[in-house]
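Coordinate inspection notes
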Amino acid sequence: MRIEYDAGSLAPRDTYRLLTSLIVPRPIAWVSTMDGDGVANLAPHSFFTVASSDPGIVQFTSVTRKDTLRNIEATGEFVVNVAPANLLKQVNATGTGFPHGTSEFTEAAIRTEPSLTVAPPRVADSPAALECRLHQVVPVGNSFLVLGLVTHVAVDESVLDGHGHPAPQLLDPLARLGGNEWSTLGEVLRVDRIRLADWNSGKR
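Residues numbered from 1 in each chain as written. Predicted model: local features only at pLDDT ≥ 70, side-chain atom pairs only at ≥ 80, totals over all residues. Heavy atoms only, no water.

**Re the overall build of the chain**
If you tally the helices and strands in the chain, you get 6 helices and 12 strands. With respect to the three principal axes, the spread of C-alpha positions in the chain is 65 × 50 × 30 Å. Residue burial in the chain is summarised as follows: out of 204 residues, 36% are buried. Across the chain, every contact between residues at least 6 apart in sequence was considered, and the portion connecting residues at least 24 apart equals 57%. Only carbon and sulfur atoms are counted for the fraction: they give 53% of the accessible area of the chain, which is about 12,400 Å². Positive and negative side-chain charges in the chain, numbering 17 and 22 respectively, have mean positions lying 7 Å apart. (Helix = DSSP H or I, 4+ residues; strand = E, 2+ residues; numbered from the N terminus. Buried < 20%, exposed > 50% of the residue type's maximum accessible area, 1.4 Å probe, protein only. Contact = heavy atoms within 4.5 Å. Areas by Shrake-Rupley, 256 points an atom, 1.4 Å probe, with all protein chains shown as cover. Lys, Arg positive; Asp, Glu negative; His and termini not counted. Charge placed at Lys NZ, Arg CZ, Asp CG, Glu CD.)

**Thoughts on the sheet that holds strand E12 (residues 182–183)**
The 3 strands lie next to each other as E1-E11-E12, forming an open sheet whose pairing is antiparallel. The sheet terminates laterally at strand E1 (26–27) and E12, the two strands that pair on one side only. Sheet topology note: the E1/strand E11 (residues 175–176) ladder contains 2 bridges and is antiparallel. Note on E11: the bridge partner recorded for Pro 27 is Ala 175. (Pairing = 2+ DSSP bridges.)

**So, helix H2 (residues 67–75)**
Among the residues of H2, those classed as buried are Asp 67, Thr 68, Leu 69, Asn 71 and Ile 72. Those residues of H2 hidden inside the fold are in contact with strand E2 (29–34), strand E3 (40–45), strand E5 (56–63), strand E6 (77–82), strand E9 (128–140) and strand E10 (143–155).

**Regarding unusual backbone geometry**
Here the residue pair Val 24 and Pro 25 is connected by a cis peptide bond, since its omega of -10° sits within 30 degrees of zero. Position of Pro 25 relative to the elements: it lies in the loop between helix H1 (12–22) and E1. Residues other than glycine seldom take positive phi values, yet Ala 109 does so here, at roughly 55°. Overall, the relative accessible area of 66% leaves Ala 109 in the exposed class.

**Quick word on the sheet that holds E6**
In space, the 7 strands of this open sheet follow the order E3-E2-E6-E9-E10-E5-E4, with antiparallel pairing throughout. With partners counted over all chains shown, the strands left at the sheet margins are E3 and strand E4 (48–53), one partner each. If you compare each strand with its neighbour and ignore which way they point, the axes differ by 35° on average. Of the pairings in the sheet, the one linking E2 to E3 comprises 6 bridges and is antiparallel in character. (Axes fitted to C-alpha atoms, helices over the stretch in contact; angles between N-to-C directions.)

**Notes on the side chain of Asn 81**
Counting through the fold element by element, Asn 81 comes out in strand E6. At 3.0 Å, the side chain of Asn 81 and the backbone nitrogen of Val 123 are in polar contact. (Polar contact = N/O pair within 3.5 Å; in protein donor to acceptor, adjacent residues only side chain to side chain.)

**Quick word on the pattern of salt bridges**
Throughout the structure, instances matching the rule amount to 8 salt bridges. Glu 113 serves as the salt-bridge partner of Arg 122, at 2.9 Å between the closest nitrogen and oxygen. Residue classification places Arg 122 among the buried residues on the basis of a relative accessible area of 9%. The class for Glu 113 is partly exposed, based on a relative accessible area of 28%. For the salt bridge of Arg 122 with Glu 131, the shortest nitrogen-to-oxygen distance reads 2.6 Å. (Salt bridge = Lys/Arg side-chain N within 4 Å of Asp/Glu carboxyl O.)

**Quick word on the environment of Ile 57**
Along the chain, Ile 57 falls in strand E5. For the pair Ile 57 and Gly 148, spaced 91 residues apart in the sequence, the C-alpha separation amounts to 5.4 Å. Other than its neighbours up to four places away in sequence, Ile 57 contacts Val 50, Ala 51, Ser 52, His 135, Leu 147, Gly 148 and Leu 149.

Next comes the structure, spelled out in structure tokens:
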């Protein structure tokens, strides 16, 4: 038996809890930005995915208007850093509601490295980073969909497989679940996509 929810009658907080508990796991965009005074900001955002491959555009959602969004609107630049499992404490710490003008890099003792195409720094100990320029901000309900054109990709060679591609097991990315729950990658399953010709011939 299913429990039915009338989405239109739910309080916003209940909708948030249901959606974030059901849409799992969610990859994390660990977004670094800079404010107008040159202070570096770093925050995790768990509504994150690819928007386009040609050109390369990534998207994340700012739930309400936060410093990350304000900084991107002011400067037009940001970096999405991969959030690895070994930095869970630091990733979680950067989600703290520090006052505006506070650098999470400093508060959480996170090492930085310069980006090549944008001003915000990269997380030095992140295995990969996507440098982005703002493509578009789309207001959606109480949130803001941020689309960024990828201008540069930096990947640590230690997470590459033998073919020059990032290996998921080596990236070891964190993901968000519901509430205060996090997850790691777990078992990786390889299942080849079925070609239509094989499907029609019974090779399934």
